[in-house]
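Spelled out from the first residue to the last, the chains are:
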Amino acid sequence: MKKYLYIVLSLLAFNTWQANAQIEDTDMDELVIDKLSRANIIEIIKKVRNQMYNNYASNNYQYFVSHQATINDTAQLLKTDVLYNVSINLKNKKINKSVVKDPMNKISMDTLFFNRYSGNDSPMYWLTEIVIRKYVNVPELDFFNNFKDYMFTRKKAKNGQYVIEFYSDDFYEGYFQYDQNFNLKKMEFELLKPYPIDHSQSKNGKFMFEKSWLYKKEKVAITFVTNAEGKNVVDELKAYEEIDDYNFTRFNSVGEVMIKDTDLDFKSNLVFKRK
């Protein structure tokens, strides 16, 4: 369980992006399979990953974040459209964002549901903040690191750019596209096998909370651009998630149950788009 939790935490509006949609094509005229060894492809993947670490823009950009979440397929929990000022430091795994006052900002949420929680206890944190952080932190994505779990194929397009397709029975299937300088241009991937999260915390030998859930679906598309200085920038991120069997129990200092949620299901759509 701890392995799965580490993956989620470290990977650290609105048009609905349907979960059953197929991964889009790469918008290239022609792709030709490149006869490279597995070892050579892995070395290329490392170069692409490191280029994101070393060549990511330190500038602040404004992003419009649109989000929609429902519970148990029926009730809308929240629908927001908010403009943020964002800086991303991939080397330090830091994403700083602050709200920008804008007449287009809109926030609608089920306060009766969310007001029962405080801080990171709230499912809102996992439905919104973590969604952004785990996917924007591109170099930490599973297929850029856990090579033994994946099969890879590289293809080349007429325009000189490359596509690496990846597949794992236990995690993700998808592709990413990059140029001759190993700068990412686009990626799309989706989860093939659901994985569980099981997390608890105690203090002085007493449980503070227990939480668990199942990541049932993840479908993600990210596009990148280079700025005037040639640095990489996330241009747009779309993420669809389904979380099943969400269970949460919060205890007080004497072990009494303060909050208890059982077998909740969530669906979440999020768009993180540069203005």
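Parameters and conventions
Residues numbered from 1 in each chain as written. Predicted model: local features only at pLDDT ≥ 70, side-chain atom pairs only at ≥ 80, totals over all residues. Heavy atoms only, no water. Helix = DSSP H or I, 4+ residues; strand = E, 2+ residues; numbered from the N terminus. Buried < 20%, exposed > 50% of the residue type's maximum accessible area, 1.4 Å probe, protein only. Areas by Shrake-Rupley, 256 points an atom, 1.4 Å probe, with all protein chains shown as cover. Phe/Tyr/Trp six-rings, centres within 6.5 Å; stacked < 30°, edge-to-face > 60°. Lys NZ or Arg CZ within 6 Å of the ring centre and 35° of its normal. Salt bridge = Lys/Arg side-chain N within 4 Å of Asp/Glu carboxyl O. Core = buried A, V, L, I, M, F, W, Y, C linked by side-chain atoms within 4.5 Å. Contact = heavy atoms within 4.5 Å. Pairing = 2+ DSSP bridges. Expected span 1.5 Å × (residues − 1). Bend = angle between axes of the 7 residues up to and from the residue.

Participant: Could you clarify how one ought to interpret the overall build of the protein chain in this entry?
Facilitator: Helix and strand counts for the protein chain stand at four helices and 13 strands. With 275 residues in all, the protein chain has 49% of them scored as buried. Surface accessibility of the protein chain: about 13900 Å² in total, with carbon and sulfur atoms responsible for 47%.

Participant: What's the story with the packing of aromatic side chains in this structure? I'm lost.
Facilitator: To describe a pair of aromatic rings, you give the distance between the ring centres and the angle between the ring planes. Under the defined criterion, the tally for this structure stands at 28 aromatic pairs. On the numbers, 5.4 Å between centres and 80° between planes, the contact of Tyr246 with Phe266 is edge-to-face. In this pair, Tyr246 sits in strand E12 (residues 232-251) while Phe266 sits in strand E13 (residues 257-274), placing the two residues 20 residues apart along the sequence. Given the relative accessible area of 2%, Tyr246 is considered buried. Among the residues examined, Phe266 registers a relative accessible area of 2% and is labelled buried. The cationic tip of Lys97 hangs over the ring face of Tyr84; the distance from NZ or CZ to the ring centre is 4.0 Å.

Participant: What is the right way to look at the pattern of salt bridges in this model?
Facilitator: Oppositely charged side chains can pair when the atoms bearing their charge come close. Taken as a whole, this structure holds 17 salt bridges when the rule is applied. Lys46 is paired through a salt bridge with Glu43; the nearest N and O atoms lie 3.5 Å apart. A residue pair is termed a helical-turn pair when its members lie 3 or 4 positions apart in one helix, as Lys46 and Glu43 do in helix H2 (residues 38-54) at three residues. The class for Lys46 is partly exposed, based on a relative accessible area of 27%. Between Glu236 and Lys273 there is a salt bridge, with the nearest N and O atoms lying 3.7 Å from each other. Separated by 37 residues along the polypeptide, Glu236 in strand E12 and Lys273 in strand E13 bring together distant segments of the chain. Judged by its relative accessible area of 39%, Lys273 is partly exposed. Residues joined by salt bridges that share partners form a network here, namely Lys97, Glu129 and Arg133.

Participant: Would you mind going over the nonpolar core with me for this structure?
Facilitator: In globular proteins that are soluble, nonpolar side chains generally tend to be buried together. Residues Phe144, Phe176, Met187 and Phe272 are the most contacted members of the largest nonpolar core, which totals 70 residues. With residues up to four places along the chain from it excluded, the contact list for Phe176 reads Ile45, Val48, Phe144, Tyr162, Val163, Ile164, Phe166, Leu184, Lys186 and Met187.

Participant: What exactly am I supposed to notice about the environment of Tyr215 here?
Facilitator: Counting through the fold element by element, Tyr215 comes out in strand E11 (residues 206-226). By relative accessible area, which is 0% here, Tyr215 ends up buried. Through-space distance from the C-alpha of Tyr215 to that of Phe266 is 9.8 Å; in sequence the pair is 51 residues apart.

Participant: Before we go on, may I ask you to explain the pairing of strand E6 (residues 151-157) in this structure?
Facilitator: Within a regular strand, side chains alternate between the sheet's two faces. When E6 meets strand E7 (residues 162-167), the two strands line up antiparallel, connected through six bridges. Paired with Arg154 across the strands is Ile164, a residue of E7. The antiparallel pairing of E6 with E7 creates a hairpin that spans four residues between the two strands, and Gly160 there sits at a positive phi of about 90°.

Participant: How do you make sense of H2 when you look at a structure like this?
Facilitator: Owing to its 3.6 residues per turn, the α-helix brings residues three or four apart onto one side. Over its 17 residues, H2 runs 24 Å from end to end, which matches the ideal 24 Å to within 8%, given 1.5 Å per residue. Within H2 the residues assigned to the buried category are Ile41, Ile42, Ile44, Ile45, Val48, Arg49, Met52 and Tyr53.

Participant: Whenever I open this one, helix H4 (residues 123-136) confuses me. Can you help?
Facilitator: With 14 residues, H4 extends 20 Å from end C-alpha to end C-alpha; this agrees with the ideal 20 Å at 1.5 Å per step. A bend of about 40° at Ile130 is the largest found in H4. When you tally the buried positions in H4, you get 12 out of 14 residues, the bulk of the element. Residues of H4 that are buried: Pro123, Trp126, Leu127, Thr128, Glu129, Ile130, Val131, Ile132, Arg133, Lys134, Tyr135 and Val136.

Participant: For this particular structure, what's the right way to read unusual backbone geometry?
Facilitator: Trans is the common state for peptide bonds, and a negative phi is the common state for residues other than glycine. Positive phi is not limited to glycine here, since Lys93 has a value of about 55°. Counting through the fold element by element, Lys93 comes out in the loop between strand E3 (75-89) and strand E4 (94-99). Among the residues examined, Lys93 registers a relative accessible area of 46% and is labelled partly exposed. Backbone geometry places Asp263, a non-glycine residue, at a positive phi of 55°. Among the secondary structure elements, Asp263 is positioned in strand E13.

Participant: Can you walk me through the pairing of E12 in this structure?
Facilitator: Counting buried positions along E12 gives 16 out of 20 residues, so the element sits mostly inside the fold. As paired elements, E11 and E12 share 16 bridges and run antiparallel to each other. Across the sheet, the residue bridging to Tyr215 is Ile243, located in E12. Counting the residues between successive antiparallel strands, the hairpin from E11 to E12 contains five residues, one of them, Gly230, with a positive phi of roughly 80°. Across 13 bridges, E12 lies against E13 in antiparallel orientation. Pairing of Lys238 across the sheet is with Val271, part of E13. Connecting E12 to the next strand, E13, in antiparallel fashion are five residues, including Gly255 with a positive phi near 85°.

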